[in-house]
Amino acid sequence: MFNKNIKLIIAGLLIAVAIWQFIEGEIGNGIALILLSGIFIFLYFKNEMILLAFLKLRKQDFAGAKKWLDKIKDPEQALVPKQQGYYWYLHGLMVSQTNMTQAEKFFRRAIKLGLSMDHDLAMAKLNLAGIAMTKRRKREATTLLSEAKKLDKHGMMNDQIRMMKEQMKKI
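Residues numbered from 1 in each chain as written. Predicted model: local features only at pLDDT ≥ 70, side-chain atom pairs only at ≥ 80, totals over all residues. Heavy atoms only, no water.

1. Looking at the side chain of Ser96
Right, on to step 1. As for its position among the elements, Ser96 is in the loop between helix 6 (81–95) and helix 7 (100–113).
Right, on to step 2. Beyond its immediate stretch of four places on either side in the chain, Ser96 contacts Ala103 and Phe107. (Helix = DSSP H or I, 4+ residues; strand = E, 2+ residues; numbered from the N terminus. Contact = heavy atoms within 4.5 Å.)

2. Focus on unusual backbone geometry
Right, on to step 1. With a phi close to 65°, Gln60 is a non-glycine residue in the positive phi region.
Right, on to step 2. Within the element layout of this structure, Gln60 appears in the loop between helix 3 (48–58) and helix 4 (62–70).
Right, on to step 3. Despite not being glycine, Arg136 shows a phi value in the positive range, around 60°.
Right, on to step 4. Note that Arg136 resides in the loop between helix 8 (118–134) and helix 9 (138–151).

3. A closer look at the pattern of salt bridges
Right, on to step 1. Under the counting rule described, the total for this entry stands at 12 salt bridges.
Right, on to step 2. Residue Arg109 is joined to Glu76 by a salt bridge in which the shortest nitrogen-to-oxygen separation is 3.1 Å. Taken as a pair, Arg109 in helix 7 and Glu76 in helix 5 (residues 75–78) lie far apart in primary sequence, 33 residues in all.
Right, on to step 3. Judged by its relative accessible area of 35%, Arg109 is partly exposed.
Right, on to step 4. By relative accessible area, Glu76 is classed as partly exposed at 33%.
Right, on to step 5. One salt bridge in this structure joins Arg137 and Glu140, with 2.8 Å as the shortest N-O distance.
Right, on to step 6. Taken together, the shared-partner salt bridges connect Glu104, Arg108, Lys135, Arg137 and Glu140 into one network. (Salt bridge = Lys/Arg side-chain N within 4 Å of Asp/Glu carboxyl O. Buried < 20%, exposed > 50% of the residue type's maximum accessible area, 1.4 Å probe, protein only.)

4. So, the layout of surface pockets
Right, on to step 1. The volume enclosed by the largest pocket comes to roughly 670 Å³.
Right, on to step 2. Around the largest pocket, the lining comprises 27 residues; the ones closest to its centre are Phe54, Tyr86, Leu90, Leu93 and Asp120.
Right, on to step 3. Within the residue set of the lining of the largest pocket, elements represented by two or more residues are helix 3, helix 6, helix 7 and helix 8.
Right, on to step 4. A breakdown of the residues in the lining of the largest pocket according to their chemical character gives 15 nonpolar, eight polar and four charged. (1 Å grid on protein atoms, 1.4 Å probe; cavity = no way out; pocket = protein on both sides within 12 Å on 5 of 7 lines; lining within 4 Å. Points joined across faces, edges and corners; volume = space filled by probe spheres on them. Nonpolar A, V, L, I, M, F, W, Y, C, P; charged D, E, K, R; others polar.)

5. Considering the nonpolar core
Right, on to step 1. If you look at the biggest cluster of nonpolar residues, it comprises 41 residues, and the most contacted ones within it are Ile50, Tyr89 and Phe107.
Right, on to step 2. Elements supplying a minimum of two residues to this core: helix 3, helix 4, helix 6, helix 7, helix 8, helix 9 and helix 10 (158–169).
Right, on to step 3. Apart from residues no more than four positions distant in its own chain, Phe107 is found in contact with Tyr89, Gly92, Leu93, Ser96, Ala124, Asn127, Leu128 and Ile131. (Core = buried A, V, L, I, M, F, W, Y, C linked by side-chain atoms within 4.5 Å.)

6. Things to note about the environment of Lys73
Right, on to step 1. Tracing the backbone shows Lys73 in the loop between helix 4 and helix 5.
Right, on to step 2. Through-space distance from the C-alpha of Lys73 to that of Asp120 is 24 Å; in sequence the pair is 47 residues apart.

7. What to know about the packing of helix 8 against helix 9
Right, on to step 1. For the pair helix 8 and helix 9, the least separation of the axes is 8 Å and the interaxial angle reads 160°. If you check the angle between helix 8 and helix 9, you find them roughly antiparallel. In this structure, the crossing between helix 8 and helix 9 has a hand that is left-handed. Contacts between helix 8 and helix 9 involve Asp118, Leu121, Ala122, Lys125, Leu126, Leu128, Ala129, Ala132 and Met133 from the former and Glu140, Ala141, Leu144, Leu145, Glu147, Ala148 and Leu151 from the latter.
Right, on to step 2. A class-by-class count of the residues in the contact of helix 8 with helix 9 yields 12 nonpolar, no polar and four charged. (Axes fitted to C-alpha atoms, helices over the stretch in contact; angles between N-to-C directions. Parallel < 35°, antiparallel > 145°, perpendicular 65-115°, else oblique. Left-handed = near helix turned anticlockwise from the far one by under 90°.)

As structure tokens, then:
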């Protein structure tokens, strides 16, 4: 909704008013304003549009997720680099259903910008491995699968990785 810098300015102003309220003896108002500024600081690190898009994707509502992501007009200006990674990761997930070449670009961009959670990075590499496999790039797909397996510490993607390795034997 707001630019990343505006969120920090609003949080700073709320903290300044909270300090003024503490000085005036209005402790309750000051605490409430500190908590309110915490929301803006949280939204600086976790963009609200990306969070809402993740919620829509969780319900398999790709059109709704795309609608929320489209509200971010200029991701380079509005988002910090990790958020940009998730922005492109979500775009890659949505586009992978229809256009593999464009999805590959989005996933590569997301990996380059960085994803904060290992399982998200593993999923992006797993998707890239699948795309490479469909384009008959077996060596690249093997490398990406091994990287995805290393990143999948909890074994959540073991079945997908095993299935992909079996499919690669057929190529």
